[in-house]
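Topology and contacts: notes
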Amino acid sequence: MIASGRYLRRVEGGMRKTIQKYSMIAPGDRVLVGLSGGKDSLVLLAGLKDLSEYLPLGFSVAAVTLDMRFGGVDGDFAALERFCEEHDIKYRIVRADIAQLLFGTGSKKNACFRCASVRRAVLVNAAKELGCSCVALGHNADDAAQTVLMNLLGNGEFSCFEPVTYYPDSGVQIIRPLVYERERDVVSAAKEARLPVIESRCPNDGTSLR
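Presented here is a report on the structure given in the accompanying data block. Note that the coordinates shown come from a computational prediction; the quantities given were computed from them, not determined experimentally. (Residues numbered from 1 in each chain as written. Predicted model: local features only at pLDDT ≥ 70, side-chain atom pairs only at ≥ 80, totals over all residues. Heavy atoms only, no water.)

**So, the packing of aromatic side chains**
Let me state the cut-off plainly: What counts as a ring pair is set by centres within 6.5 Å for rings of Phe, Tyr and Trp (its six-membered ring), and what kind of pair is set by the plane angle: stacked under 30 degrees, edge-to-face over 60, tilted for all other angles. Per the convention used, a helix needs a DSSP run of H or I reaching at least four residues, while a strand needs a run of E reaching at least two, with both numbered from the N terminus. For the exposure calls, accessible area comes from a 1.4 Å probe over protein chains only, and a residue counts as buried if that area is under 20% of its type's maximum, exposed if over 50%, partly exposed in between.
Under the definition given, this model contains 1 aromatic pair. With a centroid separation of 6.3 Å and 25 degrees between ring planes, the pair formed by Y22 and Y180 is classed as stacked. Of the two residues, Y22 sits in the loop between α1 (6–21) and β1 (30–34) while Y180 sits in the loop between β6 (172–175) and α7 (183–192), which places them 158 residues apart along the sequence. With a relative accessible area of 29%, Y22 lands in the partly exposed category. For Y180, a relative accessible area of 44% puts it in the partly exposed group.

Dropping the structure here:
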């Protein structure tokens, strides 16, 4: 068990209710976590790993990190590799020169939207290769609220991502078990459990609309 402290246990309790409410995970599923190394993805991975050990679903958890090679160099994910090895989580790094494609011209217009689409596609493909039926993303309740506001103010529509999104062409579904958890609780859980959060190298980090 990874759970350490009341915040991670609280978040895991919320995840369990969300998974059950939306039937996110079926018995025997293999769940692939998109592990960026940020607080959300690490808390998500830790929570799912713990839940896989005591929920009566018999599901398993794996993780994939997409290295976009910012600056044309490989990212350092040694801390994530150690964490996954310590907790018996199958882990893979997929390296691709996506950063150059998105930011190489100097234009950042719609970069976040395009980046998210590319990352989802890479994760879905990785899930198919690893025999995973679900890809779990770390969007929390604050992300959902911000998405609603951005769509309302930018596009004039009241919309947001769904807790579960199924892609029939691939047979893979996207799930968001943290969708009802507040960011402050996720931050507290990551700190309390001393999860190996790594700093984002994205040039838009801290400067995008969100």
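**As for the pairing of strand β2 (residues 60–67)**
Let me state the cut-off plainly: Seen with its strands pointing away from the viewer, a crossover is right-handed if its path from the first strand over the helix to the second goes clockwise. If DSSP finds at least two bridges between two strands, the strands pair.
Buried residues dominate β2, accounting for 7 of its 8 residues. In this fold, β1 hands off to helix α2 (residues 39–54), which returns the chain to β2; that crossover is right-handed. Bridge count for β2 against strand β3 (residues 90–95) is 6 bridges, and the pairing is parallel. Counterpart to V64 in the pairing with β3 is R92. With respect to chirality, the unit in which β2 leads through helix α3 (residues 78–86) into the neighbouring parallel β3 is right-handed.

Function-wise, these values are silent; they only describe arrangement.
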